[in-house]
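Here's the letter readout for the chains.
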Amino acid sequence: MQATPDDALIVLDIGKTNVKLALVDATGRLLAERRRPNAILHDGPYPHHDTDGIWDWMLTTCRAYAGQARVTAIVPVTHGATAALVDDDGLVLPVLDYEAALPGLDYAALRPAYAQTYSPLLPSGLNLGRQLAWLQQQHPEAFARTRHILMYPQYWAWRLCGVAAGEVTSLGCHTDMWDPVHQDYSSLVTRMGWEPQLPPLAPAWTALGVLRPEVAQATGLAPSCEVLCGIHDSNASLLRHLGRDGATAPRTVLSTGTWLIAAAFGASLDGLREDADMLANTNALGQPVACMRFMGGREFGALAGDQPATCSFEQLEQIIARGTMALPGFADGGGPFAGRQGHIKGPPPLDVGERFALATLYCVLMTDYCLDALGARGPITVEGAFTANPWFGPLLASLRPHQALAYSDDASGTTCGGWLLRYRDATPTTQHHPKPPRSVTDLSAYRTAWRTTLPTATPHLSHAQ
């Protein structure tokens, strides 16, 4: 869509930890942003998302935004591994939290082979197919009433405008439901009989319709305000790096938040390994992208603690000099060391600054590990929460001098991606290249020592020169 100087759009950005509502003008300038925690409720049949709380908060915030700009569109952007089961009146079951335990289901006997889906077997409900199979088994009557199985961005689009759609980035996000090579549903969908409940596919940038009349009235937004189909959040971060035809030179994008996801354009799918939580996601143009991830934000918080802090250059060097190492993992989700109990080797951090330093070093080393495992080539761009860490980019750049590293100048690659869905010909904000003030002593040796101490052997990794 061609940008006009006086319009704006709202990006509903639902991450696993926080929900944000951003008001962005036609030039990509952030006019306003509000956020709230993404709470998990435990008052129903299973842990579930507070969809009504998010909805009420969104309506109130949209009303405030309606007085600040002429809003022409709303774009939903959400985390993956989540779906909503709806009939004509709304949810037939609460939206299941992907970190919930799902006992009593022999899912391994149902799921397709990794070679078909490039979707690794993951714990809890991180494979969306497991969630749906469990709900179908545990709540058969409610499941049978389902008219639409909606991926999470499209649930919010449907709730806003009443039009049901599917979209490939959420379907292709370790669901076991999608064949990324052939860009079609996997055998699991046929086996479980879900295809009639999956609505027609639409590109992420499609305007599905305009606001329901009651939504326009509640928000004060114009009845002509359009609702876009929406997109999976990490794929939103990839949009600025995709040409209109999908052609791109080898490069890597690090989407950072609760999850740190490394997406390696140009890397072969042949090198992906299920046991290392390597996967093929599907980008907005319907192309497979080799990826690897770990719960970077969650693990950083577990190591650094809740107190806002940073660290000094000297504290980084002290952690390295003492040989203090954080060994994976520090979250219950996926990642190359899923199921391992993390621990600190060597003298523990002395204060909050050293904890921040250790957490930063851990995330840098884990990211570097993932990039080598993927065979990532070309420049690296860091999007999202970790751009606020003054040491993450410089340290990673020091370990990978063969790959130019840049920070996105917008703190949220997801917000920029939502904006680009509306203004596909626009040019997003620039990037900058963080540089360390001076070399960190023995960082390469520290990496070598850390890798040799990992809980599994890593002969498949050889650091590119």
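Quantities reported herein were computed from a predicted structural model and do not represent experimental measurements.

## Thoughts on the overall build of the protein chain
Consideration 1: From N to C terminus, the protein chain includes 15 helices and 23 strands.
Consideration 2: Relative to its length of 465 residues, the protein chain is compact, with a C-alpha radius of gyration of 22 Å against a globular reference of 23 Å.
Consideration 3: Dimensions along the principal axes, computed over C-alpha positions, put the protein chain at roughly 65 × 55 × 45 Å.
Consideration 4: Put simply, the protein chain has 465 residues, and 60% of those count as buried.
Consideration 5: In the protein chain, once contacts between residues fewer than 6 apart in sequence are set aside, the share between residues at least 24 apart is 73%.

## Digging into the UniProt feature "domain: Carbohydrate kinase FGGY N-terminal" (unreviewed entry) in the protein chain
Consideration 1: Feature annotation in UniProt places "domain: Carbohydrate kinase FGGY N-terminal" (unreviewed entry) on residues 130-239, given in this structure's numbering.
Consideration 2: Between the end C-alpha atoms of residues 130-239 the distance is 28 Å, and the span holds 43% helix and 15% strand.

## What to know about the sheet that holds strand β8 (residues 90-91)
Consideration 1: The 3 strands are arranged β8-β7-β9 in an open sheet whose pairing can be described as antiparallel. At either margin of the open sheet sits one strand with a lone partner, and together these are β8 and β9 (148-151).
Consideration 2: Set on the sheet, helix α5 (residues 152-161) makes contact with β7 (83-87), β8 and β9; between it and β9 the angle comes to about 115°.

## Considering the domain arrangement of the protein chain
Consideration 1: Domain boundaries assigned for the protein chain yield domain 1 (7-229) and domain 2 (245-453).
Consideration 2: Taking only C-alpha atoms into account, the centre of domain 1 sits 26 Å from that of domain 2.
Consideration 3: On the domain 2 side, the residues contacting the 41 residues of domain 1 number 34 residues.
Consideration 4: A combined buried area of about 3,000 Å² lies between domain 1 and domain 2, and 56% of that area is made up of carbon and sulfur atoms.
Consideration 5: Considering only the side of domain 1, the residues that lose the most area to domain 2 are Y114, Y118 and W205, jointly responsible for 22% of the buried surface there.

## Focus on the packing of aromatic side chains
Consideration 1: Here the structure, examined in full by the defined rule, presents 15 aromatic pairs.
Consideration 2: A ring pair is formed by Y152 and Y155, whose centres lie 6.3 Å apart and whose planes are at 0°; its orientation type is stacked. With Y152 and Y155 both in helix α5 and 3 residues apart, this pair spans about one turn of that helix. Y155 carries the same exposure label as Y152, and that label is buried.
Consideration 3: Between F313 and W391, the aromatic rings sit 6.1 Å apart at their centres with planes inclined by 45°, giving tilted as the arrangement. With F313 in helix α11 (residues 313-322) and W391 in the loop between β21 (380-384) and α13 (392-399), the pair connects residues that are 78 residues apart, well separated along the chain. Of the two residues examined, F313 and W391, each falls in the buried class.

## A few points about the state of the cysteines
Consideration 1: Taken as a whole and assessed by the stated rule, the structure comprises 0 disulfides.
Consideration 2: With no disulfide of its own, C363 lies closest to C370 among cysteine sulfurs, the gap being 10 Å.

## As for the nonpolar core
Consideration 1: Core analysis: the biggest nonpolar cluster contains 59 residues, and L254, L272 and F392 have the highest contact counts within it.
Consideration 2: It is helix α12 (residues 352-374) that provides the largest number of residues to this core, a total of 15 residues.
Consideration 3: Sequence-distant contacts of L254, defined by excluding residues within four places in its chain, comprise L260, I261, A262, T367, L371, I380, T381, V382, E383, F392 and L396.
Consideration 4: The next biggest cluster of nonpolar side chains, apart from the first, holds 40 residues, and it includes A84, A157, C161 and A164.

## Side note on the pairing of strand β1 (residues 7-14)
Consideration 1: Across the 8 residues of β1, 8 count as buried, placing the element largely inside the fold.
Consideration 2: Pairing of β1 with strand β6 (residues 70-78), which is carried by 8 bridges, proceeds in the parallel orientation. In the strand pairing of β6, I10 is matched with I74.

## Some details on the packing of helix α10 (residues 296-304) against α12
The angle between the axes and the distance between the axes are what describe a pair of packed helices.
Consideration 1: The interhelical angle for the contact between α10 and α12, taken along N-to-C directions, is 150°, at an axis separation of 8 Å. When the interaxial angle is binned, α10 and α12 end up roughly antiparallel. α10 and α12 meet at a crossing whose hand is right-handed. When α10 is examined against α12, the residues G296, E299, F300, L303 and A304 are found in contact with a partner set consisting of V352, R355, F356, A359, T360, Y362 and C363.
Consideration 2: Residues that form the contact of α10 with α12 fall into these classes: 8 nonpolar, 2 polar and 2 charged.

## A look at empty space enclosed by the protein
Consideration 1: Inspection of the entire model under this criterion finds 3 cavities of 30 Å³ or more.
Consideration 2: Roughly 90 Å³ of internal volume is contained in the largest cavity.
Consideration 3: The wall of the largest cavity is formed by 17 residues, among which E299, G329, G334, F337 and A338 lie closest to the centre.
Consideration 4: Its residues placed into classes, the lining of the largest cavity shows 10 nonpolar, 5 polar and 2 charged.

## Concerning the pattern of salt bridges
As a working rule, side chains carrying opposite charge can pair if their charged atoms are close by.
Consideration 1: Under the defined criterion, the tally for this structure stands at 21 salt bridges.
Consideration 2: Where R273 meets D275, a salt bridge forms, and the shortest distance between an N and an O atom there is 3.0 Å.
Consideration 3: Looking at R273, the relative accessible area reads 28%, which means it is partly exposed.
Consideration 4: A residue is classified by how much of its surface remains accessible, and D275, at 57% relative accessible area, is exposed.
Consideration 5: D372 is the salt-bridge partner of R451, the closest N and O atoms lying 3.0 Å from each other. Placement of R451 in helix α15 (residues 443-452) and of D372 in helix α12 is noted, with a sequence separation of 79 residues between them. Summarising the burial analysis for this pair, R451 and D372 share the class buried.
Consideration 6: Connected via shared salt-bridge partners are D368, D372, R400, R447 and R451.

Thresholds, definitions, all that
- Residues numbered from 1 in each chain as written.
- Predicted model: local features only at pLDDT ≥ 70, side-chain atom pairs only at ≥ 80, totals over all residues.
- Heavy atoms only, no water.
- Helix = DSSP H or I, 4+ residues; strand = E, 2+ residues; numbered from the N terminus.
- Rg over C-alpha atoms; globule rule 2.2 N^0.38 Å.
- Buried < 20%, exposed > 50% of the residue type's maximum accessible area, 1.4 Å probe, protein only.
- Contact = heavy atoms within 4.5 Å.
- UniProt positions renumbered as here; feature names shortened; annotations may be inferred.
- Pairing = 2+ DSSP bridges.
- Axes fitted to C-alpha atoms, helices over the stretch in contact; angles between N-to-C directions.
- Domains from an automatic or database assignment.
- Buried area = accessible area lost by both parts, 1.4 Å probe.
- Phe/Tyr/Trp six-rings, centres within 6.5 Å; stacked < 30°, edge-to-face > 60°.
- Disulfide = S-S within 2.5 Å.
- Core = buried A, V, L, I, M, F, W, Y, C linked by side-chain atoms within 4.5 Å.
- Parallel < 35°, antiparallel > 145°, perpendicular 65-115°, else oblique.
- Left-handed = near helix turned anticlockwise from the far one by under 90°.
- Nonpolar A, V, L, I, M, F, W, Y, C, P; charged D, E, K, R; others polar.
- 1 Å grid on protein atoms, 1.4 Å probe; cavity = no way out; pocket = protein on both sides within 12 Å on 5 of 7 lines; lining within 4 Å.
- Points joined across faces, edges and corners; volume = space filled by probe spheres on them.
- Salt bridge = Lys/Arg side-chain N within 4 Å of Asp/Glu carboxyl O.

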